[in-house]
Amino acid sequence: MTLSNRSSSSRSRRDTRLVAAVATAALGSSAIFVLIVGFLLKESWPALSTIGPARFLFDPAWRPTEGLFGLAPMLSASLAASVGAVILATPLGVASAIFCRHYAPPPIGWIHRWSMALLSGVPSVVIGLWGLTAIVPLIGRFEPPGASLLAGILILTVMITPTIALMSGAALDSLPDAYGRGAVALGLSREATLAHVLLPAARGGVAAGILLAAARALGETMAIVMVSGNVVQAPLSLFDPVRMLTANIALEMAYATGSHRASLFVSGLMLTALVIALAAAAWRLSGDHCHG
Amino acid sequence: MIAYIADTDATAGSGRAAYTLGPLAAGPTCCEPRPQISVENLTLAYDGRAALKEVSLDIFRGCVTALIGPSGCGKTSFLSSLNRLSDLIPGCEVEGRILFDGQNIHDQLTNVRALRRRVGMIFQRPNPFPLSIRRNLEMPLKEHGVQRRADLDAAVWRSLVDVGLWEEVRDRLDAPALALSGGQQQRLCIARAIALQPDVLLMDEPCSALDPVSSTIVEDLIASLRGGYTIVIATHNLAQARRVANYAGFFWVKDRAGVLIEFDHCQRIFDSPRHELTAAYVSGRRG
Ligand SMILES: Nc1ncnc2c1ncn2[C@@H]1O[C@H](COP(=O)(O)OP(=O)(O)OP(=O)(O)O)[C@@H](O)[C@H]1O
Ligand SMILES: [Mg+2]
């Protein structure tokens, strides 16, 4: 009796300690996030209060030393590059997830899955190097200079296709076998099973993957600096060199002071808000599992 | 061959007179003494290990045939060989012949998708697709070439009426099927199968995941389908088998493989089984 009491109370004490440790870690990580956002707000506050949010969007140019703070060209470059990459990467990623599960012979599917997982881990600077030496010259041959929005889109596509492939694959894998078997038992072809049963059932996870990939594309910096030309201008053609919001921060932070520095923090804040919105949407979608 | 008794061990009761189909004590007159499916020496193995050994039986048109036996005796394996769903399982090998309306379903010429359209299957857990009620019924029809709106609507209505679901869902055909209760989901799955106008329905313990009330409703539905469809139902519920079936086959595990011990009229299996294993199982002494 005493023995069992003691052991159960020691277990509950251990449990309490474990819960405390987990809670601290969880609180710690959300606290760090809150701190970062708070820090961004604090640093961008001088610019937001004296210049005002509207001018960041509507000023005609980005010449912070002359009092022009238009972030619109860079924001539109960021959005154009991300949207373009998502448009290219979504069919590629979803097709790759389907290919290695339903069409490829097992060893090939296995190799394909591993290469996707590895590709998602390649440092972005390395992908940037490859883009700089392979893609930029290739585009330059048709439309000089080569460093352009298109190069940025292609590089981002390489970087986010694995995200979409892995998330869609995980969503397909998590579907109950009963869907596939039920569809086949009704005499549906493999294509119909995929198109009308499995993909619709996995759509939440696929959409979540697309949104996370979009967030990753928006936030990507290093590879983009290397391939997209870094000229501050609104992208009017795929072959225009452009500068993304992220690239702008990385390129100018080292020497910026005063309201120039504060307005770089404003662009950081903008990016964070966009990424949070995308991640929140992804989280909602992936939680919205339609299968039981 | 209507009655079958394993040529092994002791047999209970009198000898093993060959049976001919007499008038069924319980059962519809539409039950024709013509086999829809003839299974001959079916042996099924997973990764070289036999799960079913040399099973032969005839499944009669318009009748309900119940498969009973302990867990692991191969009821599910038997059912999934009838619509070649066993093709999906890697390492699953099937030997012997299965004649569906006289045609060997393992022939090169057999169109497997057409076979599966004619041999529908209901699973233990209701598995409606995560689509709307209407899409669940329409999508397979469209895939099998039914395109006209009027035909689709008629088929949706007809199948829902047949399973007694129409009144319950007529106002929410576009609501998600997964919002239905378990029993309604199972009836929707039956509707989805019969919308394709199959000849045969294979049911693998269709009531065992349902609450008692839903289970009774689905069981009554199965009884009402008797005559219109050839039904093969695997069940652990002996009372249910007795209530709905015209024929029953008793499977048992022997040397780690499932074998058919006895096959006969349902009444005969339950009231005067000839094999002592059958007698022990149906009386609840073994199993
Ligand atoms: N996919 C599979 N791979 C390997 N072995 C399998 C597989 N499916 C079934 N088996 C084996 O085959 C035998 C028969 O299984 P089966 O599911 O057909 O029996 P059952 O009569 O339907 O059982 P239950 O009443 O529990 O549903 C069992 O020994 C089982 O372990
Ligand atoms: Mg089973």
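Residues numbered from 1 in each chain as written. Chains lettered and ligands numbered in written order. Predicted model: local features only at pLDDT ≥ 70, side-chain atom pairs only at ≥ 80, totals over all residues. Heavy atoms only, no water.

Residues and elements named next belong to chain B. Extensive coverage of strand β10 (residues 247-254) is indicated by the burial of 6 of its 8 residues. Judged from the 4 bridges that link them, strand β4 (residues 64-68) and β10 form a sheet pairing that is parallel. Looking at β10, one finds that A66 is bridged to A248. Alignment of β10 against strand β11 (residues 257-265), held across 8 bridges, turns out to be antiparallel. Bridge pairing in β11 places W252 opposite V259. Taking the residues between adjacent antiparallel strands as the criterion, β10 and β11 are bridged by 2 residues, where D255 takes a positive phi near 50°. (Buried < 20%, exposed > 50% of the residue type's maximum accessible area, 1.4 Å probe, protein only. Helix = DSSP H or I, 4+ residues; strand = E, 2+ residues; numbered from the N terminus. Pairing = 2+ DSSP bridges.)

Here we come to the packing of helix α3 (residues 72-103) of chain A against helix α11 (residues 245-252) of chain A. All names here are of chain A. α11 packs onto α3 with a crossing angle of 125° between their chain directions and a minimal axis gap of 7 Å. Classified by the angle between their axes, α3 and α11 sit oblique to one another. Along its contact with α3, which presents M74, L75 and S78, the element α11 presents L245, T246 and N248. Taken together, the residues of the contact of α3 with α11 break down into 3 nonpolar, 3 polar and no charged. (Axes fitted to C-alpha atoms, helices over the stretch in contact; angles between N-to-C directions. Parallel < 35°, antiparallel > 145°, perpendicular 65-115°, else oblique. Contact = heavy atoms within 4.5 Å. Nonpolar A, V, L, I, M, F, W, Y, C, P; charged D, E, K, R; others polar.)

We now examine the interface of chain A and chain B. Taken together, the contact pairs 19 residues of chain A with 22 residues of chain B. A per-residue breakdown of the area chain A buries against chain B is headed by A:A185, A:L186 and A:H196, which together make up 34% of the total. Across the contact surface, chain A and chain B share 0 salt bridges. Taken together, chain A and chain B are joined by 4 residue pairs in polar contact (both at pLDDT 80 or more). Those elements giving two or more residues to the side of chain A that touches chain B turn out to be α7 (177-185) and α8 (190-201) of chain A. When its residues are assigned to classes, the side of chain A that touches chain B shows 12 nonpolar, 5 polar and 2 charged. (Buried area = accessible area lost by both parts, 1.4 Å probe. Salt bridge = Lys/Arg side-chain N within 4 Å of Asp/Glu carboxyl O. Polar contact = N/O pair within 3.5 Å; in protein donor to acceptor, adjacent residues only side chain to side chain.)

Empty space among the atoms becomes apparent when a probe as large as a water molecule is rolled across them. Within the structure shown, the criterion is met by 3 cavities of 30 Å³ or more. The volume enclosed by the largest cavity comes to roughly 60 Å³. Taken together, A:G182, A:A185, A:L186, B:G120, B:M121, B:F123, B:C189, B:R192 and B:A193 form the lining of the largest cavity. At the level of elements, α7 of chain A together with β7 (119-122) and α6 (182-195) of chain B are the ones that each hand at least two residues to the lining of the largest cavity. By residue number, the principal contributor to the lining of the largest cavity is α6(B), which donates 3 residues. (1 Å grid on protein atoms, 1.4 Å probe; cavity = no way out; pocket = protein on both sides within 12 Å on 5 of 7 lines; lining within 4 Å. Points joined across faces, edges and corners; volume = space filled by probe spheres on them.)

On to the confidence of the model for chain A, then. This prediction gives chain A a mean pLDDT of 90; 95% of its residues lie at or above 70. Mean pLDDT per element in chain A: helix α1 (residues 2-50) of chain A is the minimum at 83, and helix α6 (residues 149-173) of chain A is the maximum at 95. (pLDDT = per-residue confidence, 0-100.)

What follows covers the layout of surface pockets. Computed from the structure, the largest pocket encloses a volume of approximately 1400 Å³. Lining the largest pocket are 48 residues, with A:D177, A:G180, A:R181, A:V184 and B:L88 sitting closest to its centre. Elements with a minimum of two residues in the lining of the largest pocket: α3, α6, α7 and α8 of chain A together with α1 (75-82) and α2 (112-118) of chain B. For the lining of the largest pocket, the element with the most residues is α7(A), which contributes 6 residues. A per-class count over the lining of the largest pocket returns 20 nonpolar, 16 polar and 12 charged.

Following A:P144, the chain continues into A:P145 via a peptide bond in cis, with omega recorded as 5°. Tracing the backbone through its elements, the reader meets A:P145 in the loop between α5 (124-142) and α6. Residues other than glycine seldom take positive phi values, yet B:N41 does so here, at roughly 50°. Secondary-structure assignment places B:N41 in strand β2 (residues 35-46). Its relative accessible area of 45% is what places B:N41 among the partly exposed residues. Of note in this structure, B:E205 is not a glycine but carries a positive phi near 45°. Turning to its location among the elements, B:E205 is positioned in the loop between β8 (200-204) and α7 (212-225).

With that settled, the discussion passes to the packing of aromatic side chains. Scanning the entire structure with this criterion turns up 9 aromatic pairs over all chains. Geometrically, the ring pair formed by A:W110 and A:W114 is tilted, given 6.1 Å between the ring centres and 55° between the ring planes. Here the residue A:W110 and the residue A:W114 both occupy positions in helix α4 (residues 106-119), the gap between them amounting to 4 residues, near one helical turn. On the basis of relative accessible area, A:W110 is assigned to the exposed category, the value being 55%. A network of ring pairs unites the aromatic residues A:F56, A:W62 and A:F69 as a single cluster. Looking at B:R192, its charged tip hangs above the ring of B:F129, at a distance of 4.2 Å from the centre. (Phe/Tyr/Trp six-rings, centres within 6.5 Å; stacked < 30°, edge-to-face > 60°. Lys NZ or Arg CZ within 6 Å of the ring centre and 35° of its normal.)

A few words now on the nonpolar core. A:V197, A:M244 and B:F129 are the most contacted members of the largest nonpolar core, which has 51 residues in total. With 9 residues, helix α9 (residues 203-219) of chain A is the largest single contributor of residues to this core. Ignoring sequence-local partners within four residues, the contact set of A:M244 consists of A:M74, A:A77, A:S78, A:A81, A:L149, A:I224 and A:S228. (Core = buried A, V, L, I, M, F, W, Y, C linked by side-chain atoms within 4.5 Å.)

All names here are of chain A. You can read the domains of chain A as domain 1 (2-43) and domain 2 (71-286). Using C-alpha coordinates to define each centre, domain 1 is positioned 34 Å away from domain 2. Contacts between the two partners involve 5 residues from domain 1 and, on the opposite side, 7 residues from domain 2. The contact between domain 1 and domain 2 buries some 560 Å² in all, and 79% of this surface belongs to carbon and sulfur atoms. Our enumeration of links across domain 1 and domain 2 arrives at 1 salt bridge. Here R261 makes a salt bridge to E43, at a shortest N to O gap of 2.8 Å. Here domain 1 and domain 2 share 1 residue pair in polar contact (both at pLDDT 80 or more) between them. A breakdown of the residues in the side of domain 1 that touches domain 2 according to their chemical character gives 4 nonpolar, no polar and 1 charged. (Domains from an automatic or database assignment.)

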